[in-house]
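# Observations on the three-dimensional arrangement
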Amino acid sequence: LEEYEEAIEYKDFFFKYGLELIEPREQSITSEKNKMTFLIRGPPQVFVVGVIEQNGQKFESLCMVQKDEEDTNTIECCFPKKGSYKLKVFAREQKEIGNYHIVLEFYIDIKNDAPPKGAGSLTFPSLFSAFTEKSCYLYEPKMGTLKKGTR
C-alpha cells in the first residue's frame, strides 16, 4: 500500500494542513464519465477548493467543494467534453488571509464527449465563504440554472 500511495505527488501544504486523500487513490485517471468526485478529509478549520484546467484555461465553475459533518471535503467536478484536464486542489486555514496553497494535482483524461446527466448548463452554483464557514451543505440542485421564482 505504501508504494501505491508514493505514486501520488503531495505538495508540502497537504501535510502542513493535516489533509488525507480518501479517493481516488491515483493521480492520473482515465474515465468514461464526465463527472467525477474526489474526497479529501481535513481539519474543520481548513478550507479546500478545486479548479479544473485544460490547456492553460481555468474552469472554476466546473468544481464544487463541500465539507460534511465528518470533515470530508467532497470535490465534485464536471468535464465539458473529452480531453485531458488537470484538477488543482488548493487549501488554506480559516485564520489565514490571502491566497490558497496548492496541495494536490490530478491528471484526468476524459474519453466521453457527452455531458453528465442532468447538466443543464455545465456549472455548479457559486458557494461564498460564509456558506462554508457556517458549515452549510447544498443537497440539490447542484447543476444547471434555476428559473426565476423557483425555490
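Here, every reference points to the structure presented above.
So, here is what we can say about the structure in this document. Everything numeric here is computed off the predicted structure, so don't read it as measured data.

### Description of the overall build of the protein chain
The secondary structure content of the protein chain amounts to three helices and nine strands. Within the protein chain, the fraction of its 151 residues that count as buried is 40%. Partitioning the contacts of the protein chain with sequence separation of at least 6, the portion at a separation of at least 24 is 65%.

### Here's the deal with the packing of aromatic side chains
Throughout the structure, instances matching the rule amount to six aromatic pairs. Arranged with centres 5.0 Å apart and planes meeting at 55°, the rings of Phe79 and Tyr85 form a pair that is tilted. You'll find Phe79 and Tyr85 in the same group, each marked buried. Through a chain of ring-to-ring contacts, three or more aromatic side chains come together here, namely Tyr10, Phe14 and Phe15.

### Overview of the sheet that holds strand E3 (residues 35-41)
Strand pairing in a sheet is mediated by backbone hydrogen bonds. Such pairs are either parallel or antiparallel. Ordered in space as E1-E3-E7-E6, the four strands form an open sheet in which the pairing is antiparallel. Of all strands in the sheet, those bounded by a partner on one side alone are strand E1 (20-23) and strand E6 (63-67). With direction set aside, neighbouring strand axes in the sheet form an average angle of 25°. Pairing of E3 with strand E7 (residues 72-78), which is carried by seven bridges, proceeds in the antiparallel orientation. Note that in E7 the partner of Phe38 across the bridge is Ile75.

### Concerning the pattern of salt bridges
Scanning the model with the defined rule gives six salt bridges in all. When the shortest N-O distance is used, the salt bridge between Arg41 and Glu20 registers 3.1 Å. In this pair, Arg41 sits in strand E3 while Glu20 sits in strand E1, placing the two residues 21 residues apart along the sequence. Across the pair Glu76 and Lys35 runs a salt bridge whose closest N-O atoms are separated by 3.8 Å. Linking Glu76 in strand E7 with Lys35 in strand E3, this pair joins segments that are 41 residues apart in sequence.

### Comments concerning the pairing of E6
Of all five residues in E6, five are buried, a share of seventy percent or more. On E6, burial covers both faces: Cys63, Val65 and Lys67 on one face and Met64 and Gln66 on the other are all buried. Where E6 and E7 come together, five bridges link them in antiparallel fashion. Bridging from a neighbouring strand, Val65 pairs with Ile75 of E7. Following E6, the chain reverses through four residues before pairing antiparallel with E7; Asp71 in that reversal takes a positive phi of roughly 65°.

Cut-off values and rules
- Residues numbered from 1 in each chain as written.
- Predicted model: local features only at pLDDT ≥ 70, side-chain atom pairs only at ≥ 80, totals over all residues.
- Heavy atoms only, no water.
- Helix = DSSP H or I, 4+ residues; strand = E, 2+ residues; numbered from the N terminus.
- Buried < 20%, exposed > 50% of the residue type's maximum accessible area, 1.4 Å probe, protein only.
- Contact = heavy atoms within 4.5 Å.
- Phe/Tyr/Trp six-rings, centres within 6.5 Å; stacked < 30°, edge-to-face > 60°.
- Pairing = 2+ DSSP bridges.
- Axes fitted to C-alpha atoms, helices over the stretch in contact; angles between N-to-C directions.
- Salt bridge = Lys/Arg side-chain N within 4 Å of Asp/Glu carboxyl O.

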